[in-house]
Amino acid sequence: MNPHPSLPRLLLNALWRALLSLVVILGALWGAMALSFQLPAPNWLKGVTIGAWTLLAVLALLGLWRVPRRWHRGGLFGWLLAALLLGIWWGTIQPSNHRDWAPDVARILDAEVDGSRVTLHNVRNFEWRTREDFIERWETREYDLDQLESVDLLVSYWMGPAIAHTLVSFGFADGRQLVFSVEIRRERGETFSTLGGFFKQFEVALVASDERDIVRTRSNVRGEEVYLYRVELPRDDARALFLSYLDEARELRDAPRFYNTLTTNCTTLVFDMVKRIVPGLPKDIRLILSGYLPDYIYDLGGLPSGYTFEELKRLGRINQRAVDSDQGGRSSEDFSRAIREGVPGASGSIPGMR
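Reading guide: rules and limits
Residues numbered from 1 in each chain as written. Predicted model: local features only at pLDDT ≥ 70, side-chain atom pairs only at ≥ 80, totals over all residues. Heavy atoms only, no water. 1 Å grid on protein atoms, 1.4 Å probe; cavity = no way out; pocket = protein on both sides within 12 Å on 5 of 7 lines; lining within 4 Å. Points joined across faces, edges and corners; volume = space filled by probe spheres on them. Helix = DSSP H or I, 4+ residues; strand = E, 2+ residues; numbered from the N terminus. Nonpolar A, V, L, I, M, F, W, Y, C, P; charged D, E, K, R; others polar. Pairing = 2+ DSSP bridges. Buried < 20%, exposed > 50% of the residue type's maximum accessible area, 1.4 Å probe, protein only. Polar contact = N/O pair within 3.5 Å; in protein donor to acceptor, adjacent residues only side chain to side chain. Contact = heavy atoms within 4.5 Å.

J.: Is there a simple way to explain empty space enclosed by the protein in this structure?
T.: In the structure shown here, the tally under the stated rule is two cavities of 30 Å³ or more. Considering only enclosed or pocket space, the largest cavity measures out at about 130 Å³ in volume. Those elements that place two or more of their residues in the lining of the largest cavity are strand 9 (203–210) and helix 6 (235–254). With five residues, strand 9 is the single largest residue contributor to the lining of the largest cavity. Broken down by class, the residue content of the lining of the largest cavity amounts to 10 nonpolar, one polar and five charged.

See below:
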């Protein structure tokens with residue numbers, strides 16, 4: 001009998017170890033990030049814990065490749081035990097509505113619906129001077145869904161062309177606009193972190209806001225590039241989308257959720273609501289690369305016809321009009337009219353939905 005394994009068996013053995021090694025490496029990276037963002041400990045203790053976790057991963061890799069041979073099982077089993085404990089700890093981290101929240105996401109939207117009449121509590125209408133200097137205003141507002149006339153998509157670019165924040169603005173016959181925005185619910189003193197968004201650092205917030213608050217702070221105060229597009233949506237679908245936002249707010253009030261940079265963000269949640277209203281919408285990488293969401297809607301025929309997408313984007317850039325609207329301290333309605341000047345389908349008098 002040949003005491004040496006055959007070449008196919010050696011190759012299969014090496015492939016199996018390589019796959020297990022990849023699992024250990026990816027698991028080690030994920031665990032280190034999870035500990036970094038969520039371990040409730042001083043930085044020095046976090047460092048010690050992450051160092052110990054990394055050492056166990058190294059021992060597991062050495063054991064997989066039998067270097068030295070006596071670590072073959074001990075290193076791998078030790079890391080698996082640590083991974084199990086880490087997983088149990090990770091499962092204990094649950095979302096909450098009770099934290100010391102940043103002022104702009106401190107309140108939860110609440111709604112009362114009576115036929116076509118909607119009463120919204122905790123509509124945000126802040127007056128922003130700078131990012132840190134603002135006047136807080138939370139309001140109760142009433143809307144008549146029979147007077148709903150338009151739906152606009154606003155896209156605010158803050159990190160290159162592929163990543164943007166998306167907002168949806170509903171227009172009513174009296175000239176008022178109400179914006180819904182899915183955002184991270186930051187604790188006081190926290191700042192946004194793309195990586196942290198993968199590791200339960202933030203809850204999800206659904207903000208209903210006046211346009212002069214939530215749009216102006218992005219275009220005028222933060223200096224982000226903001227574009228507005230009129231969305232051609234049938235009236236019944238627009239009404240259903242508005243009510244879907246209220247359902248989402250109710251769900252978040254009753255069962256808070258963590259924000260996730262990839263799967264639970266300002267674009268994916270809106271897509272989930274829309275696809276319940278318009279079944280069969282195709283999935284697309286542009287739903288993740290949110291900066292390209294307007295291109296996606298254009299390809300579906302959801303933006304005004306008769307224009308190239310480049311023309312819609314050029315005409316939809318609102319920054320200069322938003323800055324000019326600050327002269328003379330215009331009202332919310334004046335601001336909303338100003339940013340729509342020249343926007344196809346949205347400028348001048350509101351034509352109504354198809």
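The structure having been displayed, the exposition proceeds.
J.: Just to check I follow, could you spell out the layout of surface pockets for this structure?
T.: Empty pockets left among the atoms are what a rolling probe the size of a water molecule brings to light. In this structure, the largest pocket spans a volume of roughly 950 Å³. What lines the largest pocket is a set of 37 residues, and nearest its centre among them are I184, R186, F192, R218 and R222. Mapped by element, the contributors of at least two residues to the lining of the largest pocket are strand 7 (164–172) and strand 8 (177–185). Take the lining of the largest pocket: its biggest share by element is three residues, from strand 8. A per-class count over the lining of the largest pocket returns 18 nonpolar, eight polar and 11 charged. Considered as a void within the structure, the second largest pocket measures approximately 490 Å³ in volume.

J.: So what exactly am I meant to see when it comes to the pairing of strand 1 (residues 110–114) here?
T.: Two faces belong to every sheet, and in a regular strand the side chains alternate between them. Relative to strand 2 (residues 117–124), strand 1 runs antiparallel, the two being bridged by five bridges. Residue pairing across strands places E112 opposite T119, the latter belonging to strand 2. Taking the residues that link successive antiparallel strands as the turn, the strand 1-strand 2 hairpin has two residues, and the phi of G115 there is positive, at about 65 degrees.

J.: Sorry, what's going on with the environment of W16 here?
T.: Position of W16 relative to the elements: it lies in helix 1 (residues 7–38). Here the alpha-carbon distance between W16 and Q147, two residues 131 residues apart in the chain, equals 64 Å.

J.: Can you walk me through the side chain of E211 in this structure?
T.: Looking at the secondary structure, you find E211 in helix 4 (residues 211–214). Given a relative accessible area of 0%, E211 falls into the buried group. Side chain to side chain, E211 and S336 meet in a polar contact 2.5 Å long. Leaving out residues up to four positions away in the same chain, E211 has contacts with L154, S169, Q177, V179, R216, F335, S336, I339 and R340.

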